[in-house]
Amino acid sequence: MSVTTPDSLDLRRSGAGALAWVVAWVAVIVAVIVTAVSAAEAVALAGIPDPGWLTTYGMPVVQGTGEIAIAIAIGSALFAAFFVPPQSDGVLDVGGYRAIRWAVAGAMTWAVTSLLMIPLSLSNVSGQPLATSLEPQNLMNALDQVADARSWLWTAIFALITAVAARVALRWWWTLVALGMGVLSLMPLAISGHSSAGGDHDYATNSLILHIVGATVWLGGLFAVLVYARGLGAHTALAVRRFSRVALWCIVVVGASGVINALIRVHLDELFTTTYGRVVLLKAVALIVLGAFGALHRRRSIAALDADPGDRGAFVRFGIAEVVVFAVTFGLAVGLARTPPPARNTSELSIQQVELGYNLPGAPTLSSLLTTWRVDLLLGTAAVALCVVYLRGVIRLRRRGDDWPIGRTISWVMGTVLLLFTTSSGLGAYSMGMFSIHMIAHMLMSMLIPVLLVLGGPITLALRALTPAGRGAPPGPREWLLTGLHSPVSRFLTHPVVAFVLFVGSFYVLYLGGLFDMVATYHAAHIVMNIHFLVSGYLFYWVVIGIDPSPRQVQPLIKVAMVFAALPFHAFFGVILMSQDSVIARGYYSALRLPWNTDLLSDQRVGGGIAWAAGEVPLVIVLLALFIQWTRQDQRMAKRFDRREDRDNDSELAQYNAMLAGLSGQRSSDRPADDEATASRSTTSAEGS
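Residues numbered from 1 in each chain as written. Predicted model: local features only at pLDDT ≥ 70, side-chain atom pairs only at ≥ 80, totals over all residues. Heavy atoms only, no water.

### Let's talk about the overall build of the chain
And then number 1: Each helix and strand in the chain was counted, giving 29 helices and zero strands.
And then number 2: Looking at the chain as a whole, 47% of its 689 residues qualify as buried.
And then number 3: Sequence-distant contacts in the chain: of pairs separated by 6 or more residues, those separated by 24 or more amount to 79%.
And then number 4: As displayed, the chain has an accessible area near 33,100 Å², and 66% of this comes from carbon and sulfur atoms. (Helix = DSSP H or I, 4+ residues; strand = E, 2+ residues; numbered from the N terminus. Buried < 20%, exposed > 50% of the residue type's maximum accessible area, 1.4 Å probe, protein only. Contact = heavy atoms within 4.5 Å. Areas by Shrake-Rupley, 256 points an atom, 1.4 Å probe, with all protein chains shown as cover.)

Written as C-alpha cells, this is what we have:
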C-alpha cells in the first residue's frame, strides 16, 4: 500500500507541469520543421518581401504554444465539470479545483499568445520586419485592415474571459461557463485561414470547426485525466471511463471532419506530390495511431482499472505516449496552417462560389428547393443526432415497460426533420442568396421548428430514460440536467419578459438596427444567426407551452398573453419590411449578381410579407397545445378526485350532503317560530283596526 506524502504530491504536480512543457515543445518543434519546409514556397506565392526569420518561425512557436495551452484549459474545465464529482454542497473537490487552476493557466497563456500573434500576423501579411509591426500606429492599422489581426484580438478577448471565469469557479456551474468560453475562443481561428476562402468554403469552415473542437477536447481531456491519475485521484476509474466515451466521439468527429476538409483542399493525386498533401497524410497517420491508443486504453488500462481501481500504471504509460503523439499532431496542424495549399485557378470560380461557396442552379422553384441538397455540417448533423438520441431514449423506455406518448415522438421527429430540411436542402442553400428565402428559413427556425421540438418534451424524456446516480454515488447525466434546469441562468432565461424580448427583439435589432448589413457577408454570422433563431424560439415556446419542467411556474393567463403579444410585433415587423424604400444588406446581395434576383427591394418586400403572415400558424399550434394541456389537466384533477373519494368512501360527498341536511333541518325548526311571529303580528294589526 502506497502512502501519499506532501513531498510526493509536490513531485506529481511538478511532473504535471513538466508534461505540459514537453507537450508544448514537441508541438512547437514539429510546427517549426513543417514551416521550414514550406517557408520559401509561402513567401514566393504571397508575392511579398520576406518578413524575416523572427516572424517566419515566431508564428508557429507562438501559435503552437497557445493551441496546446487552450487544449489544456478546455480539457481541464471539461474534467472539473463532468469527469469527477463535486462535493455534496456543490463546491468542487480537490481534483476538480486543481483542474480548474490548470484551466486558468492555459487560458491566460492562450490570451497572451493570441496578443503576440497580432503583430506577427501584420508582419507576415505586409512583409515588414516584426519591429516595424510593433509600432503602435501600425498595430492600430492592423486591427482595422488585417483580418487575421482582428481574429487574434477576438481570440485574446474570449481567452481572457475564459481565464476569469475559471479563476472564480468554485462551484459546478462556473466550470460550464469556463468550458463554453474556452470553446468560443477557438472560433476566430476556425473561421479564418485556408478554409474561409475559395469554393466550398462553407463545407471547409464547418468541418474545420468540428475538427478543431474535437481535437482540442480530446487532447485536453486526456491531459487532465492523466494528471489526475498520476495524482492518485480517488475517482480515477470513473474519470477514465467518462473520458473514454468522450474520446470515442472525438475520434469520429475529428476523423470525418478531417477527411472532408482535406478533400476540399487537396486532390487525391496531390497527397504525395505537394508539401501540403504530405502533411495531411502525416496527420492522417497520427490520427490512426491515436485511434489505436484509444483501443488499447479501452482494452487494457480501463479493464485494469475496473479490476483494481488502484492499478493506474497501464493508463499512465499509454496516456503519456498518446499525449506525445497528440503533440506531434498539433504541431503538424500548426505547420499546415503556415503551409500554402495547392494552387487553384480561382479565375474559374463564379461570384457565387466565391461569396457563398457554391453555385445556385437557377431561380428558386419548388423542385429546386426540394432537390438541391447541401448538408449543413453543423446544424444538419445536429438535427440527425438529436433525432437519434431522442429515439434511443424512447426505445429505452419501451424496453423497460414504460409508455411514452406517440404524439411527442412524432412532434420531435418532425421538428428534427424540418431542421435538417431548413438548413441542408435547397431552402438552406437559397437562403444565403435571397432575402425572401432567408426570411422563410428564419420563420421556420424561430417559430415552427422550436414549437415542434418543445412539444416533444425532451427534458421529461431524458429525466425518465436516464438512470439516477443513487444516494452517495457520483452525479451523472440526469443529475447534471437537473442542476442545469434549476440553475439561476435557467431561471433568468425562462423569465417571461426575458424570453419574450429575446424572441421578438432580435427581429428588430438584426434587420432594422443595421446588424444584418454588417455581418451578412460572413459565413460565421449566418451560423450564429441560425443558432440564435433556434435557441430563442425554443426558450419562448418552452415558457409558453411548458410540457417539460421549468425553473419557474408561469400562470396560464401570462402564457396566452405572451403568444398574443408576440403576434402584433411580428406583424408590425413584416409591415415595416414591406414599406421600406431601402434594401437591407444591399451590398451583399448586389455582389452575388443573381440574374433572377435583380429587384432586391421587391424581394425584400416579399420577405416582409412572409414575416407578416408567418405568425398565425405557430399561434394556432400553440393555442391548440395549451387547450389540450388544460383539458388533460382538468381530466387528471377529476381522476385524482375520484380516486380519493373511492378510498374515503365518498366522504366529501357525505359531508356535503350532511351540510345540506343540516341547513334544511335548521330551516324546518325555524319555520314554526316564524309562523307564530307572523300570527302575532296579524292579531295585533287586527286589534288596532
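### Comments concerning the pattern of salt bridges
And then number 1: Summed over all chains, the structure comprises four salt bridges.
And then number 2: Of the charged contacts in the structure, one is a salt bridge between Asp403 and Arg398, with a shortest N-O distance of 3.9 Å.
And then number 3: For Arg605, the salt bridge goes to Asp581, with nearest N and O atoms at 3.4 Å. Placement of Arg605 in helix H27 (residues 600–613) and of Asp581 in the loop between helix H25 (556–579) and helix H26 (586–592) is noted, with a sequence separation of 24 residues between them.
And then number 4: Owing to a relative accessible area of 33%, Arg605 belongs among the partly exposed residues under this scheme. (Salt bridge = Lys/Arg side-chain N within 4 Å of Asp/Glu carboxyl O.)

### Some words on helix H16 (residues 406–424)
And then number 1: Under the 1.5 Å per step criterion, the end-to-end length of H16 is 27 Å for 19 residues, consistent within 8% with the ideal 27 Å.
And then number 2: Every buried residue of H16 is listed here: Thr409, Ser411, Trp412, Gly415, Thr416, Leu418, Leu419, Thr422, Thr423 and Ser424.
And then number 3: Where the residues of H16 are buried, they touch helix H15 (379–400), helix H17 (426–431), helix H18 (435–455), helix H19 (458–465) and helix H24 (523–545). (Expected span 1.5 Å × (residues − 1).)

### As for empty space enclosed by the protein
And then number 1: Considering all chains together, one arrives at five cavities of 30 Å³ or more under this definition.
And then number 2: Empty space within the largest cavity amounts to approximately 330 Å³.
And then number 3: Surrounding the largest cavity, 22 residues form its lining, Asp376, Thr423, Gly428, Met432 and Asn530 being those nearest its centre.
And then number 4: Counting residues per element, the ones that place at least two in the lining of the largest cavity are helix H9 (201–230), H16, H17, H18 and H24.
And then number 5: When residues of the lining of the largest cavity are assigned to their parent elements, the largest contribution, five residues, is made by H24.
And then number 6: For the lining of the largest cavity, a count of residues per class yields nine nonpolar, ten polar and three charged. (1 Å grid on protein atoms, 1.4 Å probe; cavity = no way out; pocket = protein on both sides within 12 Å on 5 of 7 lines; lining within 4 Å. Points joined across faces, edges and corners; volume = space filled by probe spheres on them. Nonpolar A, V, L, I, M, F, W, Y, C, P; charged D, E, K, R; others polar.)

### Digging into the packing of helix H22 (residues 496–512) against H24
And then number 1: Close contact between H22 and H24 brings their axes to 7 Å; oriented N to C, the two are set at 150 degrees. In terms of orientation, H22 and H24 fall into the roughly antiparallel class. For H22 against H24, the interelement crossing comes out left-handed. Within the contact between the two elements, H22 uses Ala499, Phe500, Leu502, Phe503, Ser506, Leu510 and Tyr511 and H24 uses Met529, His532, Phe533, Ser536, Gly537, Leu539, Phe540, Tyr541 and Val543.
And then number 2: Within the contact of H22 with H24, the residues separate by chemical class into twelve nonpolar, four polar and no charged. (Axes fitted to C-alpha atoms, helices over the stretch in contact; angles between N-to-C directions. Parallel < 35°, antiparallel > 145°, perpendicular 65-115°, else oblique. Left-handed = near helix turned anticlockwise from the far one by under 90°.)

### Comments concerning unusual backbone geometry
And then number 1: Of note in the backbone geometry, Ala585 takes a positive phi value of approximately 55 degrees without being a glycine.
And then number 2: Phi at Arg593 takes a positive value of approximately 55 degrees, unusual for a residue other than glycine.
And then number 3: With respect to the element layout, Arg593 can be found in the loop between H26 and H27.
And then number 4: Taking relative accessible area as the criterion, Arg593 reaches 62% and is therefore assigned exposed.

### Some words on the side chain of Ser424
And then number 1: Assignment of secondary structure puts Ser424 in helix H16.
And then number 2: Setting aside residues up to four positions removed in sequence, Ser424 forms contacts with Thr372, Trp373, Arg374, Val375, Asp376 and Gly380.

### Looking at the environment of Val26
And then number 1: With respect to the element layout, Val26 can be found in helix H1 (residues 6–46).
And then number 2: Owing to a relative accessible area of 22%, Val26 belongs among the partly exposed residues under this scheme.
And then number 3: Dropping the residues within four chain positions of it, Val26 is found in contact with Val324, Ala327 and Val328.

### Regarding the side chain of Asn206
And then number 1: When you line up the elements, Asn206 lands in helix H9.
And then number 2: Discounting chain neighbours no more than four positions away, the residues touching Asn206 are Asp376, Leu377, Leu378, His523 and Ile527.

### A closer look at the packing of aromatic side chains
And then number 1: What the rule picks out here adds up to 29 aromatic pairs.
And then number 2: Its end group placed over the ring of Tyr203, Arg374 keeps NZ or CZ at 4.3 Å from the ring centre.
And then number 3: A cation sits over an aromatic face here: Arg408 above Trp404, 5.1 Å from the ring centre. (Phe/Tyr/Trp six-rings, centres within 6.5 Å; stacked < 30°, edge-to-face > 60°. Lys NZ or Arg CZ within 6 Å of the ring centre and 35° of its normal.)

### A closer look at the packing of helix H2 (residues 53–83) against helix H7 (residues 172–184)
And then number 1: Two elements in contact, H2 and H7, have axes whose closest approach is 9 Å; the angle formed by their N-to-C orientations is 150 degrees. Overall, the two elements H2 and H7 adopt an arrangement that is roughly antiparallel. In the crossing of H2 with H7, the sense of the turn from one axis to the other is left-handed. Between H2 and H7, the contacting residues are Ile70, Ile74, Ala77, Leu78, Ala80, Ala81 and Phe82 on the first element and Trp172, Thr175, Leu176, Ala178, Leu179, Gly182 and Val183 on the second.

### Focus: the environment of Thr273
And then number 1: Relative to the elements of secondary structure, Thr273 occurs in the loop between helix H10 (236–265) and helix H11 (275–307).
And then number 2: Looking at Thr273, the relative accessible area reads 55%, which means it is exposed.
And then number 3: Spatially, the C-alpha atom of Thr273 lies 9.7 Å from that of Pro342, the residues being 69 residues apart in sequence.
And then number 4: Reaching out from Thr273, the side chain makes a polar contact with the backbone oxygen of Asp269 at a distance of 3.2 Å. (Polar contact = N/O pair within 3.5 Å; in protein donor to acceptor, adjacent residues only side chain to side chain.)

### Some thoughts on the environment of Leu626
And then number 1: Position of Leu626 among the secondary structure elements: in helix H28 (residues 616–647).
And then number 2: As for Leu626 and Gly546, which are separated by 80 residues in sequence, their C-alpha atoms are 8.9 Å apart.

### A short note on the confidence of the model for the chain
The predicted coordinates should not be examined in detail at positions where pLDDT is low.
And then number 1: Of all residues in the chain, 85% have pLDDT values of 70 or greater, and the mean over the chain is 83.
And then number 2: For the chain, helix H29 (residues 651–688) is the element with the lowest average pLDDT, namely 54, and H16 is the one with the highest, namely 95.
And then number 3: Contacts from residues 1–12, a stretch scored under 50 in pLDDT, to residues over four places away or in other chains number eight contacts.
And then number 4: Ignoring residues within four places in sequence, the model shows residues 673–689, a span with pLDDT below 50, making zero contacts including any to other chains. (pLDDT = per-residue confidence, 0-100.)

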